[in-house]
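# Architecture at a glance
What follows is each chain in one-letter form.
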Amino acid sequence: MKKGMHNKDCTCWSCPAINLAGKVDFRACGQSVEQIKKFQDEKGGGHIMAECRRRPELGLYDPMAITFQECPEWQDTEYGYLLKNMRVMILGIDGYLGWTLALWLGKLGCKVSGIDNYSRRNWVKERGTHTVVPIARMTERLHAAKEVLGIDIYFRELDVLDKVALTEFLKEVKPEAIVHYAECPSAPYSMIDFEHAKNVQSNNVIGTLSTLFAIHEAVPESTLIKLGTMGEYGAPLTGRPLFEGFFPADAVLKWQDKEWSLGGELTPRDPVSFYHISKVQDTFNVYEACKYWWLRSYDVMQGVIYGVHTDEVAADPRLRTRFDIDEWFGTIINRFVAQAIVGIPLTLYGAGEQIRGFIALEDAMQCITRLIAKPPEPGQYGVVNQMSGYYKLRELAETVAAIGKKSFGLDVQIQRVENPRVESERHPFNPIFSKLPDEFGFVQKDNIEQEVSRMFSLLLQPNIKSRIEEKRHLILPKTWWSGQKKEVERIELYK
Amino acid sequence: MSCMGRTVFIGLDGVPHGLLKRLADDGTMPHCRRLFEIGNLHCIASTIPDISSVAWSSIITGKNPAEHGIFGFVDIPINTYRISFPNYLSLKSKPFWEKSEGRSVILNVPSTFPVREMNGVHISGFVSLDLERSVYPPGLLSQVKALDYKVDVDAEKAHVSMDMFLSDLDKTLTARGKVCDHLWQHEKWDTFMIVFTGTDRLMHFLWDAYEDEEHWYYKAFRGHFSKVDAIVGSIIDRLNDNDILVMCSDHGMEHLDKNVYVNAILKEHGFLHYDPALKGGFANIDGRTKAFSLDPARIYLNKRGKFPRGCVAPNDEEKIIEDICELFQRYAVGGKAVCKAIYRKKEIFHGPFIDLAPDIVLIGNEGINLHSGLTAENTSEETIFSGKHTQHDAFLYVRGRDKCPSVKEGFNVSNIIGYIDSLKAERWR
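Residues numbered from 1 in each chain as written. Chains lettered and ligands numbered in written order. Predicted model: local features only at pLDDT ≥ 70, side-chain atom pairs only at ≥ 80, totals over all residues. Heavy atoms only, no water.

## Structural notes on the overall build of chain B
Here is the rule we go by: Strands are runs of DSSP state E lasting at least 2 residues, helices are runs of H or I lasting at least 4, and numbering of each runs from the N terminus. Radius of gyration: C-alpha atoms only; globule rule: 2.2 Å multiplied by the number of residues to the exponent 0.38. Exposure classes here rest on a 1.4 Å probe applied to the protein chains alone. A residue is buried below 20% of its type maximum, exposed above 50%, and partly exposed in between. By definition in these notes, contact holds between two residues if any of their heavy atoms fall within 4.5 Å. Here the open area of atoms and residues is found with the Shrake-Rupley method and a 1.4 Å probe, where only the protein chains shown may cover a residue.
When you go through chain B residue by residue, the secondary structure sums to 14 helices and 20 strands. Relative to the globule expectation of 22 Å for 429 residues, the C-alpha radius of gyration of chain B, 22 Å, shows essentially globular dimensions. Dimensions of chain B, computed from C-alpha atoms along their principal axes, come out at roughly 65 × 50 × 45 Å. Within the span of chain B, comprising 429 residues, buried residues form 60% of the whole. The long-range share in chain B, meaning contacts at least 24 apart out of those at least 6 apart in sequence, stands at 67%. Counting every atom, chain B has about 16,800 Å² of accessible surface; 49% of that belongs to carbon and sulfur.

Spelled out as structure tokens, the structure:
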């Protein structure tokens with residue numbers, strides 16, 4: 001595939017700027033695209049018509065007739081053809097990913113809008129911690145985006161649970177793609193107690209349900225890109241592959257000398273916290289909404305995210321995205337780097353032999369952009385496993401320690417502590433993550449060594465280091481899946 | 001009210017002269033029977049091709065397709081192989097209501113979506129994508145919705161259940177009658193036009209029920225026509241003596257035996273080449289193609305300079321047309337010739353848009369429904385439809401026997417508006 005042009009053959013059929021209508025009620029009949037095309041051609045009078053909101057002069061026409069490559073509204077970018085001034089709304093725009101994506105897409109020429117009710121700031125504050133990379137207030141962020149990058153971001157303070165207000169905002173903005181980050185992303189936070197479990201599940205599950213109903217009512221032709229997690233699949237001890245949402249066509253279930261095809265069925269989910277359960281519930285809600293209402297969605301099963309860098313967030317201190325290192329909101333590599341800087345041994349839970357998929361912040365932004373550029377077809381629920389590689393946690397700790405020592409002269413130790421989670425500590429791991437590179441043209445740009453070095457450089461800045469020091473007592477876990485609240489004991493310390 | 005009288009124009013989509021006369025005679029349509037006793041019923045021709053979008057465009061403009069620019073439900077713009085769907089925006093001539101000084105109410109005329117500003121009320125007919133853009137003035141929309149109006153029956157229901165289809169047909173007609181009544185009472189008008197389009201839908205699916213007394217839906221078929229007749233009756237009961245009443249259909253209808261696919265025949269005889277590796281539909285036509293067909297049976301030469309992979313040079317055009325005409329003159333399915341008539345462009349089209357017209361138009365033989373069928377695997381097949389359009393056997397009715405200009409041989413639907421004008425001139429002189 002020619003680099004960046006993964007979407008050249010897409011047609012108006014999947015373009016969010018198109019109204020589809022016709023004599024066939026394709027939204028209810030459940031026919032596949034091929035069947036509809038056959039029906040159109042042979043039966044006559046059953047045509048589906050496209051009407052372009054951006055090029056009304058085209059009148060009504062065959063939605064398969066114009067490719068993105070041929071359409072002047074889809075413009076050549078590094079990440080594929082992208083709609084000119086594409087309207088993208090980010091739900092949870094104030095978060096670690098949301099803010100980074102807003103600047104990234106704004107710089108690419110998208111018209112970015114977003115909502116947030118500052119839940120993440122409040123959850124972090126409630127736990128008595130803070131983002132160690134200082135972030136500005138939203139008004140200042142918006143001002144800096146305009147001043148430094150020339151980007152106008154249309155923001156509204158809004159709770160994703162407020163379906164009426166969300167619907168109104170969608171009707172006003174009419175986004176052509178919606179990226180849904182407005183969820184609580186923490187497993188340990190969901191395991192603190194009943195209230196926290198309830199809040200996480202309510203915010204995530206009902207928030208996504210609210211989003212689906214609002215999209216259905218206001219902008220059903222828009223693409224929904226929903227953040228899931230690789231954690232939905234769990235880590236099956238059989239070592240069976242973790243396919244991208246669905247079993248492939250040739251998968252077979254064999255039992256008692258009989259065989260059944262599993263092709264096209266959703267793969268099993270095995271969530272490992274109340275947070276992960278909320279993500280699995282989201283999966284089913286989005287999947288069903290696409291089926292019932294012909295919405296279009298990609299569910300992004302994201303590996304563990306890490307990193308601090310994109311060119312846009314690095315352009316000005318006021319544009320930095322948040323960076324959490326506490327036990328609830330700090331992801332593991334981010335936490336390792338913070339520990340290395342303040343002299344806490346890098347902490348592994350249990351055996352430290354757990355394997356996880358990972359992706360750097362900048363690569364995640366590239367993936368989301370490529371998904372936006374190749375919208376799903378009407379009714380399509382697509383799943384991608386978004387990761388650039390997978391590693392044993394112990395090996396990662398060793399990598400971070402080695403970089404800390406070699407490049408930054410730090411004396412870094414590693415420790416294993418009791419595992420507060422209920423999870424397999426030694427397991428096979430066989431994720432399939434070929435769709436993004438094969439079908440969307442994703443090329444990994446950021447390797448772990450490079451991004452970890454960037455993180456050390458930033459976090460070693462005195463003001464940031466002192467903010468890590470302030471909250472160093474909140475890095476080691478005290479939240480046990482068993483419900484206990486106690487410090488973990490060290491099993492082993494090694495260099 | 002104008003002392004010169006008003007004009008009422010009723011359209012019955014697809015209703016053949018023969019069927020109308022028979023249903024009037026057998027008591028299914030008593031109001032029409034009453035009308036026929038006090039006026040003239042003529043058998044007239046449709047446009048070529050004989051489909052509603054072309055025929056109604058000719059009826060409301062009084063023009064040849066090459067003058068109003070509508071040649072079918074689908075078209076391919078020059079320099080593309082992109083199927084497009086012409087609508088009211090594509091109509092290149094003004095409809096009669098935009099040329100007259102009086103106020104008009106126009107209800108359910110096919111191919112007039114989306115509506116635009118005019119002197120009066122306009123609710124478009126099929127194909128209308130949404131009700132919001134089907135109603136002028138927009139302030140009328142809420143009342144139309146309150147009367148449960150919908151533009152067209154959901155014909156897809158017939159593929160699921162004929163009972164569901166008939167129920168929807170009935171609801172659609174009832175709502176149309178209510179809106180007609182509402183507009184008649186609450187609007188001021190000099191011209192009132194309504195088209196009943198469920199008739200065409202019904203005959204496509206259940207022509208066999210018309211012909212066969214033992215058919216399960218025999219009564220349902222006649223029941224729909226009786227209901228249309230009742231609404232026509234309610235209209236004529238409110239007419240004044242000096243009002244002009246004209247009724248017409250846009251084409252005829254007859255039984256359907258087989259679909260025959262023109263592109264499959266062109267492909268079979270080396271006129272059409274299709275590269276499945278390309279992106280689908282007509283875009284797959286490759287550079288060896290000499291001709292292709294759009295629905296219903298319009299054949300276009302793949303001319304150099306006109307289409308992206310056009311290969312036919314001007315000097316070769318005549319020979320290829322000759323060869324294609326010869327092919328279809330002799331082509332038969334099951335021993336029966338598929339064509340009743342074959343027309344070349346210049347025989348049937350005249351006007352500024354003649355370059356957009358098909359080079360050849362085929363008229364199917366009795367029972368043969370000609371279709372484009374680009375990806376059809378066979379040249380012919382059975383179909384669930386039992387009725388098909390005809391170019392002959394449309395009708396024109398004019399109330400009153402005095403001061404009626406004659407309807408000459410060769411009269412077709414594009415002559416109706418001119419006829420009404422001369423009728424007005426005659427009566428109001």
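Let's pick the thread back up.
## Observations concerning the packing of aromatic side chains
Convention followed: In summary, the pairing rule links any two rings of Phe, Tyr or Trp, Trp by its six-membered ring, whose centres are within 6.5 Å, and it sorts them by plane angle into stacked for under 30 degrees, edge-to-face for over 60 and tilted for everything else.
Throughout the structure, instances matching the rule amount to 36 aromatic pairs over all chains. For the pair Tyr189 of chain A and Phe329 of chain A, a centre-to-centre distance of 5.3 Å together with 45° between the ring planes defines the contact as tilted. With Tyr189 of chain A in helix H7 (residues 187-190) and Phe329 of chain A in the loop between strand S14 (304-306) and helix H10 (332-342), this residue pair connects regions lying 140 residues apart in the sequence. Across this residue pair, the class does not change: Tyr189 of chain A and Phe329 of chain A are buried. On the basis of an interplanar angle of 90° and a centroid distance of 5.8 Å, the ring pair of Phe411 of chain B and Tyr419 of chain B is categorised as edge-to-face.

## Focus on the environment of Asp316 of chain A
Residues and elements named next belong to chain A. Tracing the backbone through its elements, the reader meets Asp316 in the loop between S14 and H10. Classification of Asp316 by relative accessible area gives buried; the value is 15%. Remark: the alpha-carbon pair of Asp316 and Ala145, spanning 171 residues in sequence, is separated by 9.1 Å.

## Focus on the domain arrangement of chain A
Accessible area lost on assembly of the parts is the figure often given for the size of an interface. Residue and element names in this part refer to chain A. Convention followed: As annotated, the domain borders come from an automatic or database domain assignment. Summed over both partners, the accessible surface that disappears when two parts come together, traced with a 1.4 Å probe, is what is meant by buried area. For this document, the term salt bridge refers to a Lys or Arg side-chain nitrogen within 4 Å of an Asp or Glu carboxyl oxygen. Distance and chemistry together define a polar contact, namely a pair of N or O atoms within 3.5 Å, with one atom able to donate a hydrogen and the other to accept it when in protein, and with adjacent residues in sequence counting only for side-chain atoms on both sides.
Along its sequence, chain A is organised into domain 1 (7-72) and domain 2 (73-494). The straight-line distance from the C-alpha centre of domain 1 to that of domain 2 is 34 Å. Carbon and sulfur atoms make up 55% of the area that domain 1 and domain 2 hide from each other, which totals about 2,000 Å². Along the contact surface separating domain 1 from domain 2 lie 3 salt bridges. A salt bridge links Glu73 to Arg54, with the shortest nitrogen-to-oxygen separation between them at 2.8 Å. Applying the counting rule to domain 1 against domain 2 returns 9 residue pairs in polar contact (both at pLDDT 80 or more). Within the residue set of the side of domain 1 that touches domain 2, elements represented by two or more residues are strand S1 (18-22) and helix H1 (26-29). Top contributing element to the side of domain 1 that touches domain 2 by residue count: H1, with 3 residues.

## A closer look at the packing of helix H9 (residues 198-211) of chain B against helix H10 (residues 218-236) of chain B
All names here are of chain B. For clarity, the cut-off: Lines fitted to C-alpha atoms define the axes, with helix axes restricted to the stretch in contact, and inter-axis angles between N-to-C directions lie between 0 and 180 degrees. Geometric relationships in this document are graded by angle, where less than 35 degrees denotes roughly parallel, more than 145 denotes roughly antiparallel, 65 to 115 denotes roughly perpendicular, and other angles denote oblique. Definitions for this section: a left-handed crossing has its near helix turned counterclockwise from the far helix by less than a right angle. A right-handed crossing has that turn clockwise. Residue type decides the class: Asp, Glu, Lys and Arg count as charged, Ala, Val, Leu, Ile, Met, Phe, Trp, Tyr, Cys and Pro as nonpolar, and the leftover types, Gly among them, as polar.
Two numbers describe how H9 lies on H10: the axes approach to 9 Å, and their chain directions differ by 150°. Here H9 lies roughly antiparallel to H10, going by the angle between them. Crossing hand, H9 versus H10: left-handed. Across from Gly198, Thr199, Leu202, Met203, Leu206, Ala209 and Tyr210 in H9, the residues of H10 making contact are Tyr218, Phe221, Arg222, His224, Phe225 and Val228. In the contact of H9 with H10, the residues fall into 9 nonpolar, 3 polar and 1 charged.

## Some words on H10 of chain A
Structural remark: α-helix, 3.6 residues per turn; residues separated by three or four positions point the same way. A large share of H10 of chain A lies buried, amounting to 11 of its 11 residues. Inspection of H10 of chain A places Ile332, Ile333, Asn334, Arg335, Phe336, Val337, Ala338, Gln339, Ala340, Ile341 and Val342 of chain A among the buried residues, and these make up the whole buried set.

## Examining the state of the cysteines
Selection criterion: Only a pair of cysteine sulfur atoms within 2.5 Å counts as a disulfide in this structure description.
Inspection of the entire model under this criterion finds 0 disulfides over all chains. Just so you know, Cys15 of chain A is unpaired, no disulfide at all, and the nearest cysteine sulfur is the one on Cys12 of chain A, 6.1 Å from it. Judged by relative accessible area, which is 5%, Cys15 of chain A ranks as buried. The thiol sulfur of Cys43 of chain B is not disulfide-bonded, and the nearest other cysteine sulfur, from Cys248 of chain B, lies at 13 Å.

## Remarks on the pairing of strand S5 (residues 80-83) of chain A
Residues and elements named next belong to chain A. Rules: When DSSP finds two or more bridges between two strands, those strands count as paired.
By the bridge criterion, 4 bridges tie strand S4 (residues 74-77) to S5 in an arrangement that is antiparallel. Residue pairing across strands places Thr77 opposite Gly80, the latter belonging to S5. Between S4 and the antiparallel strand that follows it, S5, lie 2 residues.

## Looking at the domain arrangement of chain B
Residues and elements named next belong to chain B. Under the domain assignment used here, chain B contains domain 1 (7-254 + 388-427) and domain 2 (258-381). Once you take the C-alpha centre of each, domain 1 and domain 2 turn out to be 30 Å apart. On the domain 2 side, the residues contacting the 25 residues of domain 1 number 36 residues. Where domain 1 abuts domain 2, roughly 2,400 Å² becomes buried across the two surfaces, and 70% of that area is made up of carbon and sulfur atoms. A per-residue breakdown of the area domain 1 buries against domain 2 is headed by Ile48, Phe71 and Tyr81, which together make up 33% of the total. One salt bridge connects Asp75 with Arg298, and the closest N-O pair in it is separated by 4.0 Å. At the junction of domain 1 and domain 2, the tally comes to 10 residue pairs in polar contact (both at pLDDT 80 or more). Residue classes in the side of domain 1 that touches domain 2 are distributed as 12 nonpolar, 7 polar and 6 charged.

## Some points on the pattern of salt bridges
All names here are of chain A. By the definition in use, this model includes 59 salt bridges over all chains. Arg54 is the partner of Glu176 in a salt bridge, and the nearest nitrogen-oxygen pair spans 3.0 Å. In this pair, Glu176 sits in the loop between helix H6 (163-173) and strand S9 (177-180) while Arg54 sits in the loop between strand S2 (48-52) and strand S3 (60-61), placing the two residues 122 residues apart along the sequence. One salt bridge in this structure joins Glu183 and Lys279, with 2.8 Å as the shortest N-O distance. Residue Glu183 is found in the loop between S9 and H7, and its partner Lys279 is found in helix H9 (residues 274-293); the two are separated by 96 residues along the sequence. The exposure classification of Glu183 matches that of Lys279, with both residues buried. Here the residues in one salt-bridge network are Arg54, Glu73, Lys84, Arg87 and Glu176, joined through shared partners.

## Focus: the side chain of Thr80 of chain B
Of note, Thr80 of chain B is situated in the loop between helix H4 (65-68) and strand S3 (84-85). For Thr80 of chain B, the side chain forms a polar contact with the main-chain oxygen of Pro77 of chain B, separated by 2.8 Å.

## Overview of the sheet that holds strand S19 (residues 414-417) of chain A
Residue and element names in this part refer to chain A. Strands sit in the order S15-S19-S20 across an open sheet of 3 strands; the sheet is mixed. Each edge of the sheet is formed by a strand with only one pairing partner; in this case those strands are strand S15 (346-349) and strand S20 (490-494). Geometrically, the sheet is characterised by an average inter-axis angle of 20° between neighbouring strands, direction not taken into account. Of the strand pairs in this sheet, S19 and S20 are connected by 4 bridges, and their pairing is antiparallel. Within S20, the position partnered with Gln415 by the bridge is Leu493. Seen against the sheet, helix H12 (residues 393-408) touches S15, S19 and S20 and runs at an angle of roughly 180° to S15.

## Digging into H9 of chain A
Residue and element names in this part refer to chain A. Quick note on the threshold: In this scheme, a helix's expected span is set at 1.5 Å multiplied by one less than its residue total.
For H9, spanning 20 residues, the distance from its first C-alpha to its last is 28 Å, which sits close to the expected 28 Å at 1.5 Å a residue. Two or three places before Tyr275, at the opening of H9, Ser273 has a side-chain oxygen 3.2 Å from that residue's backbone nitrogen. Of the residues trailing H9, Trp294 is marked for its positive phi of about 60°.

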